[in-house]
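# Observations on chain architecture
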Amino acid sequence: MLARSIFLTGCSRGLGLEMVKQIHPFTETLIATCRNPETASELRELAEEHSHIKILPVDVLNHETFGDVAEEVSSIVGEQGLNLLINNAGISPRSTRINFVTPEAMAETFAVNTTSPLMLTKALLPLLKAGASSDVDEDSDFCIKNAAIVNISSVLGSISNNMGDRSGGLYPYRCSKAALNMVTRSLSSDLNPFNITVISIHPGWVRTDMGGPNAPLSSQESIESLISTLKELTFDKSGLFFNQNGEEIPW
Ligand code: NDP
């Protein structure tokens, strides 16, 4: 088992949907969120087959709804709180080379990829603290016995890694993921006293709508590795950046 309760964003397609498919056998409650449940037919079918998958409508741009989202999550998980938050929803605008990048593309990408994971964490923090301190039997087979926040980032947000190829461009996406990595670092300090582990993970380059058809990994391969890495997650890894195989990535 991975964690008693899990909250996941962006589950309509791509890596989020694949996570729902592969993670649900390893948890008692999976809160799978997406902005339009009515059009997320595969997700709805999964929830119809497995009653521990609960679908909640969440548009991560609607920060003002996060209080209501937290109340709904609280009514699902109860006093035991929330054990794992995976901030997965993300966007990567096209046409982002220097001559085409716009302030609007920068702002929207930051809102989805950076601000939302932080604001969602803030809204769910009381539940994560409850999850971190609620009694999980030391002998239970949950790998995450306290609580953890996993920010799905990208190696394209690594400043050090971009030294070699100097590929440039992708300003909104690269900057938003570099900033998300700093969110991870700051949260890991702030939440250390509460036994909440916070990491960034790059899922690999994956064949999804975002990754495109030439990516080397399938969603199944990426998420299989990512789940194995999460099963090895320990508190001493908080504040670090990994790839899906659990290898550390330089900031
Ligand atoms: P996709 O484009 O395939 O899926 C993106 C998901 O995010 C969709 O479920 C989409 O929902 C959701 N989303 C976008 N905006 C919002 C919003 N405002 N509110 C709620 N949900 C939203 O991308 P991937 O699955 O490939 O990417 C998932 C994560 O992995 C992202 O954070 C991405 O940056 C990261 N990543 C992906 C890589 C890859 O190669 N694929 C590489 C490195 C990182 P909807 O269907 O409603 O649009």
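For the structure, check the block above.
Described below are features of the structure shown in this document. Numbering of residues begins from 1 in every chain and follows the order in which that chain's sequence is written. The predicted nature of this model means local features are confined to residues of pLDDT at least 70 and side-chain atom pairs, given and counted, to a pLDDT of 80 or more, with totals for whole chains, interfaces and linings taken over all residues.

## With respect to the pairing of strand E2 (residues 27-34)
- Most of E2 is tucked away: seven of the eight residues are buried.
- Where strand E1 (residues 3-8) lies against E2, five bridges are found, and the strand directions are parallel. From the neighbouring strand, Ala3 faces E2, where its bridge partner is Thr27.
- By convention, a crossover is right-handed whenever its connection, traced from the first strand over the helix to the second and viewed with the strands pointing away, goes clockwise. Secondary structure elements are taken from DSSP: a helix is a run of H or I of four residues or more, a strand is a run of E of two residues or more, and numbering for both begins at the N terminus. Handedness of the E2-helix H2 (residues 41-49)-strand E3 (residues 53-57) crossover: right-handed. In this scheme the burial state of a residue depends on its C-beta neighbours within 10 Å: 20 or more other such atoms mean buried, 12 or fewer mean exposed, and anything in between means partly exposed; the C-beta positions come from the backbone. Two strands are counted as paired when DSSP detects at least two bridges linking them.

## Observations concerning the sheet that holds E3
- Taken in spatial order, the seven strands make up an open sheet running E3-E2-E1-E4-E5-E6-E7, and their pairing is parallel. Of all strands in the sheet, those bounded by a partner on one side alone are E3 and strand E7 (241-243). Geometrically, the sheet is characterised by an average inter-axis angle of 20° between neighbouring strands, direction not taken into account.
- Pairing of strand E4 (residues 84-87) with strand E5 (residues 147-152) involves four bridges; the strand directions are parallel. Directly across from Leu85, in E5, lies its bridge partner Ile149.
- Contacting E5, strand E6 (196-202) and E7, helix H6 (residues 171-191) crosses the sheet at an angle of about 165° to E6. Axis angles are defined between N-to-C directions and span 0 to 180 degrees, where every axis is a line fitted to C-alpha atoms and, for a helix, only to the segment in contact. In this description, any two residues whose backbone-derived C-beta atoms lie within 7 Å of each other are considered to be in contact.

## Regarding the site of the ligand
- The rule is simple: place the C-beta atom from the backbone, and if it lies within 6 Å of a molecule or strand, the residue is near it. The immediate surroundings of the ligand are formed by 29 residues, with Gly10, Gly14, Gly90, Thr208 and Gly211 found nearest.
- Residues are grouped as follows: nonpolar covers Ala, Val, Leu, Ile, Met, Phe, Trp, Tyr, Cys and Pro; charged covers Asp, Glu, Lys and Arg; every other residue, Gly included, is treated as polar. Of the residues assigned to the shell around the ligand, the class counts are 13 nonpolar, 12 polar and four charged.

## A closer look at the nonpolar core
- We define the nonpolar core as any set of buried residues of the types Ala, Val, Leu, Ile, Met, Phe, Trp, Tyr and Cys, connected via C-beta atoms lying within 7 Å of each other. The biggest cluster of nonpolar side chains holds 58 residues, and the ones touching the most others in it are Leu8 and Val20.
- Tallying contributions element by element places helix H4 (residues 103-133) first for this core, with seven residues.

## Focus: H6
- Helices are assigned an expected span. That span is 1.5 Å times one less than the residue count. The terminal C-alpha atoms of H6, which comprises 21 residues, lie 30 Å apart, in line with the 30 Å expected from a rise of 1.5 Å per residue.
- Taken together, the buried positions of H6 are Pro172, Tyr173, Arg174, Ser176, Lys177, Leu180, Asn181, Val183, Thr184, Leu187, Ser188 and Leu191.
- The secondary structure elements touched by the buried residues of H6 are H4, E5, E6 and E7.

## Observations regarding H4
- A rise of 1.5 Å per residue sets the reference length of H4, with its 31 residues, at 45 Å; its end C-alpha atoms lie 42 Å apart and thus fit the reference within 8%.
- Fitting axes to the seven residues ending at a residue and to the seven starting there, one defines the bend at that residue as the angle between these axes. The largest bend along H4 measures about 60° and falls at Leu124, with the proline Pro126 one to four residues further on.

## Here we look at the packing of helix H3 (residues 66-77) against H4
- Remark: H3 packs on H4, axes separated minimally by 9 Å, with the N-to-C direction vectors making an angle of 35°. Considering how the two elements wind past one another, H3 and H4 form a crossing that is right-handed. Across the interface between the two elements, Phe66, Gly67, Val69, Ala70, Val73, Ser74 and Val77 of H3 pack against Met119, Leu120, Ala123, Leu124 and Leu127 of H4.
- Here the contact of H3 with H4 is built from residues that sort into 10 nonpolar, two polar and no charged. Crossing handedness follows the turn of the near helix against the far one: under a right angle anticlockwise gives a left-handed crossing, and clockwise gives a right-handed one.

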